[in-house]
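Listed below, chain by chain, are the residues.
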Amino acid sequence: MSESITSVLQENRVFEPSEHFRSGIGPNYVPDLQTYHARFKRSIDDPSGFWGEVADGFNWFKKWTSVVEWKLPDARWFVGATTNVCDNCIDRQVRDGHGDDVAILWEGEPSTLATTDDAEVRRLTYSQLQLEVSRTANALKSLGVRRGDVVTIYMGMVPELAIAMLACARIGAPHSVIFGGFAPPAIVDRAQDAKSKIIVTCDGAWRRGHIVPLKANVDEACEKLPDVASVLVVSRTNCPVNMRAGRDHWWHEIVPTQSTDCPCEEMDSEDLLFLLYTSGSTGKPKGICHTTGGYMVYTAFTAKMTFNLVPDRGQVFFCTADIGWITGHSYIVYGMLPNRVPTVMYEGAPNFPAEDRIWAMIERHKITHFYTAPTAIRAFMKWGDEHPHKHDLSSLLLLGTVGEPINPEAWIWYHEKIGSSRCPIVDTMWQTETGGHILTPLPGCTPTVPGSCTLPFFGVDAAIVDENGAELPANQGGLLVIRRPWPGMLRGIHGDRARFIETYWSKVKGMYVAGDGARRDERGYFWIMGRIDDVINVSGHRLGTMEIESALVSHESVVEAAVVGIPHEIKGTGIAAFVTLAPQYKGVADNALRKRLMDHVSKEIGPIARPDMIRFTASLPKTRSGKIMRRLLRDIAAGKESTQDTTTLEDFAVLAKLREVDE
Ligand code: WTA
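What counts, and at which threshold
Residues numbered from 1 in each chain as written. Predicted model: local features only at pLDDT ≥ 70, side-chain atom pairs only at ≥ 80, totals over all residues. Heavy atoms only, no water. Pairing = 2+ DSSP bridges. Helix = DSSP H or I, 4+ residues; strand = E, 2+ residues; numbered from the N terminus. Axes fitted to C-alpha atoms, helices over the stretch in contact; angles between N-to-C directions. Parallel < 35°, antiparallel > 145°, perpendicular 65-115°, else oblique. Left-handed = near helix turned anticlockwise from the far one by under 90°. Contact = heavy atoms within 4.5 Å. Nonpolar A, V, L, I, M, F, W, Y, C, P; charged D, E, K, R; others polar. Buried < 20%, exposed > 50% of the residue type's maximum accessible area, 1.4 Å probe, protein only. Near = heavy atom within 4 Å. Polar contact = N/O pair within 3.5 Å; in protein donor to acceptor, adjacent residues only side chain to side chain. Areas by Shrake-Rupley, 256 points an atom, 1.4 Å probe, with all protein chains shown as cover. 1 Å grid on protein atoms, 1.4 Å probe; cavity = no way out; pocket = protein on both sides within 12 Å on 5 of 7 lines; lining within 4 Å. Points joined across faces, edges and corners; volume = space filled by probe spheres on them.

A. How the structure looks around the sheet that holds strand β24 (residues 512-520). Taking strand neighbours across the sheet as the criterion, the 4 strands line up as β21-β22-β24-β25 in an open arrangement whose pairing is antiparallel. Strands at the two margins of the open sheet, each flanked by one partner only, are β21 (462-465) and β25 (526-531). The mean inter-strand angle of the sheet, taken between neighbouring strand axes irrespective of direction, is 45 degrees.

Below, the structure written as structure tokens:
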């Protein structure tokens, strides 16, 4: 944490709102900071008036009796109202005469190494999407899915993924999307916790010319999931798969024959829309609950304001996230479709078949809005300026970043090399739990400073406080909290009320604790300093160090493991593991065993959790009460002299040993 503080303190370059952007976009919803402050104040003083007006822009079957009811820690938004998210994403656009507009623009992984120009492209209009989603919804019903049943979705980035989610929303069956990079045990945990009886998957997914065996992974998971009665399989790669009679069904055999008549279910505003599992500091991933009305209004409204979305002006929005994470849920699907700006979905990787894939896509589709993570920007920098230079990026109006703090070097590169110094950058800070952006600049309005996510979004009463909830003076680091409810906030952790209260509502009385350390500067801008718990952001992917430790100790050679984050040039945070071995393995503590352990973690969780380094050690440094001293390990892993107080360290010899290089 300490380096990030010093690096941000040196940063004082201010980028005023771009004139190019202001003059080029048509309506600018928030023209200047004064307007922002006035509207922000209203959103805090009169949340019912503010959010009631925003919600009026959506289609409801029945209007609310009150906008918000707040009984800490439970918020209910648009109480008594009924609506359907799928109706607001799709049917409404068709009813309003926009059925022929492009809703989703999908690009598959190019199939040859020779060029990035042979891309396979599919454009789905709102009318087509309506037909596809209705058929899929009827297919799910035919497989026994009823309102309230959780549908697990484990797919690659193909249009059918968005179609499946929207089909679930249409019939009131909450979905639980599992990132396609996770391994079978991760599917087991999540499907079991959600009590899901159906999984929607693909035969395989393309990634850098290889096939990720999604169906085979589901088969392996299903050995431990006796309650899964159906598996619906999209054929994408034609890789060989085993289809189990009675359980497994091909999408192309049962979906196209369904009726296209499937009315949207009338859902209560507080009915569950989806579960999304995310990592915390302890135990297994938790199923974050998002409900219907509040999430719909919040994601579409944040998307509209933060990205200044305007339909019918040629805007094309490209978010590079995978839909398996919250960024894809909110800013590829649910926040985008109600705004009627085409949303781009892509399959594959940014460096396949070549390192200019993304820039070729921007040129090809005249993309105006580009939203990615700092880890990707750092990789683009490393691959070289020649790649973006080869392409015409003049369609770009706005750039966004999300997932982790952005280092000023990456910010400036992004601004100059990708945005030609004319596109505003919105550094959007938010979480799976917040549903949408909570701290972000508004383009054409907020002056930006590289590395700061600037100011709170409307209705978000964010502050930096100490453990007693007292607000801290400028530039003093503390806990990031939110003191009032906002529509997109999580409504709970699936099946674990105690953990919900303990994680978010117990550290500071009466406030939502985000889990990040942060400070505010003199101008009121927020600077995120990093997680205060055992969550790490590896390449913008959120992982719990405990999960990785559990995976390591499940290997027969490991007795004890401690995992910490280390600074990593591209990933932001890399994974370092300290491992003590069972006696019979002590003689074989070599690189081969290291590799086996790394492979083991990939197999248990997924390749994103693979440690970057493993250090074998005779014992781990602990306090007298037996707690592993993680901060000390972080310093050791980063190769730093520790400034930590080691007076409580149980055994000084351990520390000395750990400092010895063991290779
Ligand atoms: C971090 C991703 C700094 C933060 C949307 C948060 C950020 C965690 C930013 C949530 C940002 C996200 N600047 N840090 N702009 N955006 N984070 O749930 O630590 O995958 O708590 O949601 O990512 O990760 P999650």
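Structure's up, so let's keep going.
B. Structural view of the packing of helix α5 (residues 85-95) against helix α6 (residues 126-142). Contact pair α5 / α6: the axes reach a minimum separation of 8 Å and the direction vectors enclose 130 degrees. One element, α5, and the other, α6, form an angle in the oblique class. Crossing angle aside, the handedness with which α5 passes α6 is left-handed. Every residue of α6 that contacts α5 at C86, C89, I90, D91, Q93 and V94 is listed here: Y126, S127, L129, Q130 and V133. The class makeup of the residues in the contact of α5 with α6 is 7 nonpolar, 3 polar and 1 charged.

C. Just the pairing of β21, in detail. Burial of β21 is two-sided: the residues A462 and I464 facing one way and the residues A463 and V465 facing the other way are all buried. Judged from the 4 bridges that link them, β21 and strand β22 (residues 478-482) form a sheet pairing that is antiparallel. Within β22, the position partnered with V465 by the bridge is L479.

D. Examining the site of the ligand more closely. The local shell around the ligand holds 17 residues, among which D427, T432, D516, R531 and R542 are the closest. With respect to the ligand, the side chain of D427 contributes an N or O atom lying 2.7 Å from a nitrogen atom. Here R542 contributes a side-chain N or O atom positioned 2.7 Å from an oxygen atom of the ligand. Relative to its unbound accessible area of 530 Å², the ligand is 97% covered by the protein chains. Its residues placed into classes, the shell around the ligand shows 6 nonpolar, 6 polar and 5 charged.

E. Highlighting the layout of surface pockets. Space inside the second largest pocket adds up to approximately 480 Å³. V54, G57, F58, K304 and N339 are, among the 22 residues lining the second largest pocket, the residues nearest its centre. For the lining of the second largest pocket, the secondary structure elements donating two or more residues are α3 (33-45), α4 (47-55), α5 and α11 (292-306). It is α11 that contributes the most residues to the lining of the second largest pocket, 4 residues altogether. Grouping the constituent residues of the lining of the second largest pocket by class yields 11 nonpolar, 4 polar and 7 charged.

F. Just the packing of α5 against helix α7 (residues 159-171), in detail. Where α5 meets α7, the axes come as close as 7 Å, and the angle between the chain directions of the two elements is 120 degrees. As α5 runs across α7, the sense of the crossing is left-handed. Listed contacts from α7 to C86, C89, I90 and D91 of α5 are L166, A169 and R170. By residue class, the composition of the contact of α5 with α7 is 5 nonpolar, no polar and 2 charged.

G. Expanded view of the sheet that holds strand β14 (residues 272-278). Strand order in the open sheet formed by 8 strands is β12-β11-β8-β6-β7-β14-β15-β23, and the pairing between neighbours is mixed. Taken across any chain shown, the strands that pair with only one partner, and hence form the sheet edges, are β12 (248-250) and β23 (492-493). Note: strand β11 (residues 230-234) against β12, 3 bridges, orientation parallel. From the neighbouring strand, V233 faces β12, where its bridge partner is W250. Sheet strands in contact with helix α8 (residues 184-194) are β6 (151-154), β8 (198-202) and β14, and its direction is about 145 degrees off that of β14.

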